[in-house]
Amino acid sequence: MAKVYKDLREFLVTLEEEGQLIRVKEEVDPEPDIGAAGRACANMDKKPAVLFEKVKGYKYSVVTNVHGSWANHALMLGMPKDTSVKDQFYELNRRWDKFPVPPVILPREKAACKENTVTENINLFDILPLYRINDQDGGFFISKASVVTGDPEEPENLDKLNVGTYRIQVKDIDRVGIQALPFHDIAIQLRKAEEVNEPLPIAIALGNSPLVTFMASTPVAYDQSEYEFVGALQDGVPTEIVKADTAKHLYVPAHAEVVLEGYIMPRVRTCEGPFGEFPGSYSGARLQCEIKITHITHRTNPIFENLYLGMPWTEIDYLMALNTSVPMYKQLHESIPEVVAVNAMYTHGIGEIISVKSRYGGFAKSAAFRLLSTPHGTAYAKIIILVDEFVDPFNLEQVMWALTTRVKPSKDVSVIQNCAGMPLDPSSYPAGMHDKLIIDATTPVPPEPNPRSVELLKPSPATPKWEAMFRDFMANQKN
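Here we summarise the structure given alongside this text. (Residues numbered from 1 in each chain as written. Predicted model: local features only at pLDDT ≥ 70, side-chain atom pairs only at ≥ 80, totals over all residues. Heavy atoms only, no water.)

Comments concerning the overall build of the protein chain
Under the convention used in this document: Going along the chain from the N terminus, every DSSP run of H or I of four or more residues is numbered as a helix, and every run of E of two or more is numbered as a strand. Both definitions apply: the radius of gyration is a C-alpha atom measure, and the globule rule equals 2.2 Å times residues to the power 0.38. Only protein chains enter the accessibility calculation, which uses a 1.4 Å probe; a residue is then buried when its area is under 20% of its type maximum, exposed when over 50%, and partly exposed in between. In what follows, residue pairs with any heavy atoms lying within 4.5 Å of each other are defined as contacts. In these tables, accessible area is a Shrake-Rupley quantity obtained with a 1.4 Å probe, and a residue counts as shielded only by the protein chains included in the view. Charge counting treats Lys and Arg as positive and Asp and Glu as negative, with His and both chain ends excluded. Charge positions come from single atoms, namely NZ of Lys, CZ of Arg, CG of Asp or CD of Glu.
A count of helices and strands for the protein chain gives 15 helices and 21 strands. A globule of 479 residues ought to have a C-alpha radius of gyration of about 23 Å, and the protein chain, at 23 Å, matches this closely. For the protein chain, with 479 residues in total, the buried portion stands at 57%. Once local pairs closer than 6 in sequence are excluded, the contacts in the protein chain between residues at least 24 apart make up 72%. When the accessible surface of the protein chain is split by element, carbon and sulfur atoms take 54% of a total near 20,300 Å². Between the mean site of the 49 positive side-chain charges and the mean site of the 62 negative ones, the protein chain shows a separation of 3 Å.

In structure tokens form, the structure reads like this:
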């Protein structure tokens with residue numbers, strides 16, 4: 001049974017034990033220190049999490065880069081920190097099949113997130129150490145919240161309880177803006193509420209157990225419960241949730257550090273942004289909806305968890321990598337079992353690499369077309385590379401080998417014009433519209449024109465013996 005973390009604090013203990021957490025005990029300035037530290041972590045080899053115990057002008061601590069390395073990612077899954085990316089992918093894929101694992105609903109008195117309650121004189125600056133993540137951000141952003149909303153037409157349907165990650169800009173002591181793009185689940189619920197001019201109740205959970213945060217940024221179906229997926233990814237151990245105080249049909253992570261409750265004001269739009277986004281550029285400013293915060297609960301001495309976004313790779317790229325790849329693989333493999341693996345780790349799936357066994361000429365492209373028809377792929381996927389089943393899509397050296405030895409540009413490169421695109425991608429124009437590029441780097445098979453008989457080089461049968469000897473030697477050298 002994999003190790004399960006009840007909350008963020010338990011995970012931080014493991015990160016520290018494994019040498020993947022740095023504590024900064026000296027007082028730091030919120031700007032530029034915390035954002036600069038996030039960038040510095042991303043530049044390092046080990047890429048540790050960083051806990052700032054004292055932030056000038058604020059009462060509570062800040063932690064960043066919690067998910068920001070493959071080592072931390074493996075530890076989140078209860079695996080050794082040196083587990084390969086490919087092995088983490090297949091372990092996630094195995095656990096995915098345990099869905100659904102219903103959550104456990106705790107009474108209020110057993111939920112750590114309810115230790116303190118604020119109902120009057122709401123002031124976000126009293127609770128959260130706020131700062132600009134990048135220096136040209138249009139304000140203070142909350143970049144790692146798990147946002148909980150329900151379907152206004154079926155408020156008691158827990159399968160349609162959405163737990164998602166959306167950027168949040170602090171506008172005032174009790175108001176925040178939120179980016180709800182049309183293809184996000186929250187936008188479906190917001191549309192239903194605004195059609196009848198009703199507010200949409202919302203709960204914003206900060207500082208959650210690592211797999212709750214992981215699932216909140218995962219593209220699953222509208223009627224699939226993120227909490228039930230958390231239980232599956234915890235290898236069958238249910239996650240713990242509790243009712244929100246103000247909207248009883250909403251359920252929040254029971255041991256979150258902070259929970260902000262309120263409602264999205266219907267038909268209200270104000271300027272939000274600019275913000276340094278995951279493509280590595282500023283997103284510009286747009287009219288976005290606003291949230292009124294009416295109620296706060298928090299743990300004693302809460303830890304504010306935020307992430308740094310910048311030129312990839314940063315924490316957000318690790319957070320959104322395999323939890324985009326696995327559902328894309330599941331959706332493709334269900335209808336095309338010849339799909340072996342999907343690497344959707346690059347810029348939240350704007351770039352995707354599909355490993356597929358070609359049954360006949362042109363077959364591999366069907367996997368690309370299927371990906372472009374998925375809910376996530378429709379908006380995000382822009383560049384799709386197809387490789388043979390024996391090519392590891394997570395090994396860019398092998399992928400580049402396939403591109404340089406299998407692609408005939410006049411035959412294997414296709415452009416599909418005027419498709420839906422990701423508005424935050426700075427190359428989309430107008431924002432939200434794009435062309436799609438498919439590169440077929442699979443070995444040609446009949447009846448493709450000019451198929452070539454290709455005999456692959458195979459390693460000697462003695463290779464595994466020498467690999468084992470060299471691994472033992474290197475391990476002894478470390479000791």
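Further notes follow.
Re the environment of L206
Looking at the secondary structure, you find L206 in strand β11 (residues 200–206). Once the C-alpha coordinates of L206 and I303 are considered, the two residues, 97 residues apart in sequence, prove to be 8.7 Å apart. If sequence neighbours within four positions are ignored, L206 has contacts with L128, I142, A145, A256, E257, V258, L260 and F304.

Describing the pairing of strand β17 (residues 339–346)
Our working definition: Criterion used throughout: strands pair if DSSP finds at least two bridges between them.
With six of eight residues buried, β17 lies mostly within the body of the structure. Examined bridge by bridge, β17 and strand β18 (residues 351–356) share five bridges and lie antiparallel to one another. Within β18, the position partnered with N343 by the bridge is I353. In this antiparallel pair of consecutive strands, β17 and β18, the connection spans four residues, and T347 shows a positive phi of 55°.

Regarding the pairing of strand β21 (residues 433–441)
The pairing of strand β19 (residues 383–387) with β21 spans five bridges and is parallel. If you follow V387 over to β21, its bridge partner there is A441. Of the strand pairs in this sheet, strand β20 (residues 413–420) and β21 are connected by six bridges, and their pairing is antiparallel. Residue S414 lies in a different strand from β21, and its bridge partner there is I438.

Overview of the sheet that holds strand β2 (residues 49–52)
So the rule is basically this: Simply put, an axis is a line fit to the C-alpha atoms, just over the touching stretch for a helix, and the angle between two N-to-C directions goes from 0 to 180 degrees.
Pairing is mixed in the open sheet, where four strands are placed in the order β1-β2-β3-β16. Every interior strand has two partners, whereas the edge strands, β1 (21–24) and β16 (303–305), have only one. Between one strand and the next, the sheet's axes are offset by a mean angle of 20°, whatever the strand orientation. Two strands pair when backbone bridges link them, and β2 and strand β3 (residues 61–64) are joined in this way by three bridges, in the antiparallel orientation. Bridging from a neighbouring strand, L51 pairs with V63 of β3.

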